[in-house]
Amino acid sequence: MLIKKPADMRPSEITDEQLYLRRRDFMQLGAGLLGATAGGVLAACGRDAVVDASGAPSVAPPPQTPFTDIKKRVVTTNDPVNTFEQITSYNNFYEFGTNKGDPARYAGQLKTSPWTVKIDGYCNKPGDYHIDDLIRMGDLEERVYRHRCVEAWSMVIPWVGIPFASIIKRADPQPKATFVQMWTLNRPSEMPGLRSDVLDWPYTEGLRMDEAMHPLTILAVGLYGKTLLNQNGAPIRLVVPWKYGFKGIKSIVRISFVDKMPKTSWVEENPSWYGFYSNVNPNVNPVRWDQSHEKALPSFFATRKTEIFNGYGDQVASMYAGLDLKKWF
Ligand SMILES: Nc1nc2c(c(=O)[nH]1)N[C@H]1C(S)=C(S)[C@@H](COP(=O)(O)O)O[C@H]1N2
Ligand SMILES: [Mo]
């Protein structure tokens, strides 16, 4: 394998898929070397034993269905869209393991059909909603959004989704409902990562009601025009493009209207690192990663300047007028 030195790379190559794939090999090679040095430790915890050396999915992913009724396409960035391969092979979905390749490898075993989402709490139309009914409640749109992870990498993803506001309106929330809380499926038999205690399962997230109702906030059900692969949170997951990626809770089974700021998984895990709001902010660094810049994948280098609210400030900043963003990170 030929590995170019960073200095030999022209900017035009940075978006080249081949090169990205080679870089992944390179990263895996790096991980391998690391593993060799720390061999004793890895063998002791036994985690790598289940990793198939080829990196191939342990279970073939279910076929994806194309959507035929996408009403409009909204592109919110001039940055190049990441490839399907990139978006579906470099993921965070701790229910399937904490390595970026684990979700692609292990999420295929998750059964996503039938799927219902329980909607409850302070609303007039609670119930168990079938996924197809949820989709019918809001028009499908393609939304090309920037995605910014708190680990200081970013991607551009062409989601297919429905405005969260359309579902919220159908559920008819009561005035007491000031926040909305969501939960991921908790099914240990199909989610090997639940055996670890990295987080207090099930994964839960929340938004203030105005954030949930904001026109940029969607429940995504697909990408690149087809149903989601499990590693991206099939069959339905949240996308809030001005917030750090972990707010985008995957494989949602319950949405609840509540009257208090919910305790979310990452805030519970480490409240000095993760805040409820988690708006992308290059000036606030509670976490160990420097948020001022980001690696726009597949770039290897954190050369892209991070923008406040991930570049969506003109549309969302007014929701936080008067809020101290350093205190409420
Ligand atoms: N249930 C659940 N949702 C989750 C996560 C997770 O581990 N479990 N990871 C979050 C994080 S940290 C990020 S960056 C995004 C990644 O979404 P993607 O893999 O579709 O790019 O999912 C978020 N949603
Ligand atoms: Mo993330």
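Here's what I pulled together on the structure shown here.

Cut-offs and rules
Residues numbered from 1 in each chain as written. Chains lettered and ligands numbered in written order. Predicted model: local features only at pLDDT ≥ 70, side-chain atom pairs only at ≥ 80, totals over all residues. Heavy atoms only, no water. Helix = DSSP H or I, 4+ residues; strand = E, 2+ residues; numbered from the N terminus. Buried < 20%, exposed > 50% of the residue type's maximum accessible area, 1.4 Å probe, protein only. Contact = heavy atoms within 4.5 Å. Areas by Shrake-Rupley, 256 points an atom, 1.4 Å probe, with all protein chains shown as cover. Lys, Arg positive; Asp, Glu negative; His and termini not counted. Salt bridge = Lys/Arg side-chain N within 4 Å of Asp/Glu carboxyl O. Polar contact = N/O pair within 3.5 Å; in protein donor to acceptor, adjacent residues only side chain to side chain. Near = heavy atom within 4 Å. Pairing = 2+ DSSP bridges. Axes fitted to C-alpha atoms, helices over the stretch in contact; angles between N-to-C directions.

In terms of helices and strands, the chain carries nine helices and 13 strands. Burial status across the chain gives 50% buried among its 329 residues. Considering only contacts in the chain between residues 6 or more positions apart, those separated by 24 or more positions represent 73%. Accessible surface computed for the chain: about 15,600 Å², of which carbon and sulfur atoms make up 56%.

Across the eight residues of helix α6 (residues 164-171), six count as buried, placing the element largely inside the fold. Within the span of α6, buried status applies to F164, A165, S166, I167, I168 and A171. Just downstream of α6 lies D172, where phi reads positive at about 60°.

Turning our eyes to something else, we now look at the side chain of R237. Residue position: R237 is located in strand β10 (residues 237-239). E95 provides the closest opposite charge to the buried, unpaired R237, separated from it by 10 Å. A polar contact is formed between the side chain of R237 and the backbone oxygen of G248, at a distance of 3.3 Å. Sequence-distant contacts of R237, defined by excluding residues within four places in its chain, comprise W159, I218, L219, A220, L228, N232, G248, I249, K250, S251 and I252.

Taken together, 17 residues sit near ligand 1, with N91, Y94, E95, G248 and K250 positioned nearest. Take Y94: an N or O atom from its main chain is 2.7 Å from an oxygen atom of ligand 1. Between ligand 1 and E95, the relevant distance is 2.8 Å, taken from a nitrogen atom to a side-chain nitrogen or oxygen of the residue. Coverage of ligand 1 by the protein chains reaches 98% of its 540 Å² of free accessible surface.

Glancing now at the environment of G108. As for its position among the elements, G108 is in the loop between α4 (102-106) and β2 (116-121). What makes G108 buried here is its relative accessible area of 14%. On a C-alpha basis, the gap between G108 and M191 in space is 10.0 Å, while along the polypeptide they are 83 residues apart. Those residues within four positions of G108 in sequence are excluded, and the remaining contacts are V59, A60, P62 and N230.

As a further point, take the pattern of salt bridges. Applying the stated criterion across every chain yields a total of 19 salt bridges. The salt bridge involving E294 is made with R148; its shortest N-O contact spans 2.9 Å. One end of the pair, E294, is in strand β12 (residues 293-296); the other, R148, is in strand β4 (residues 141-148), and 146 residues separate them in sequence. For the salt bridge of E294 with R304, the shortest nitrogen-to-oxygen distance reads 3.9 Å. Remark: R304 occurs in strand β13 (residues 304-305) and E294 occurs in strand β12; sequence separation between them is ten residues. Residue class for E294 comes out buried when judged on its relative accessible area of 0%.

Looking at chain direction, β2 and strand β3 (residues 127-130) are connected through four bridges and run antiparallel. Looking at the pairing, V117 lines up with Y129 of β3. Between β2 and β3, which pair antiparallel and follow one another directly, the connecting turn spans five residues. In this structure, β2 lies alongside strand β11 (residues 252-258), joined through four bridges in parallel fashion. Following the sheet pairing, I119 is matched in β11 by I255.

Turning to the sheet that holds β11, a few remarks are in order. Pairing within the open sheet is mixed, and its five strands lie in the order β3-β2-β11-β6-β7. Looking at which strands have only one partner, the edges of the open sheet turn out to be β3 and β7 (204-208). The average undirected angle you get between the axes of adjacent strands in this sheet is 20°. The sheet strands contacting α6 are β2, β6 (179-184) and β11, and the helix crosses β11 at an angle near 60°.

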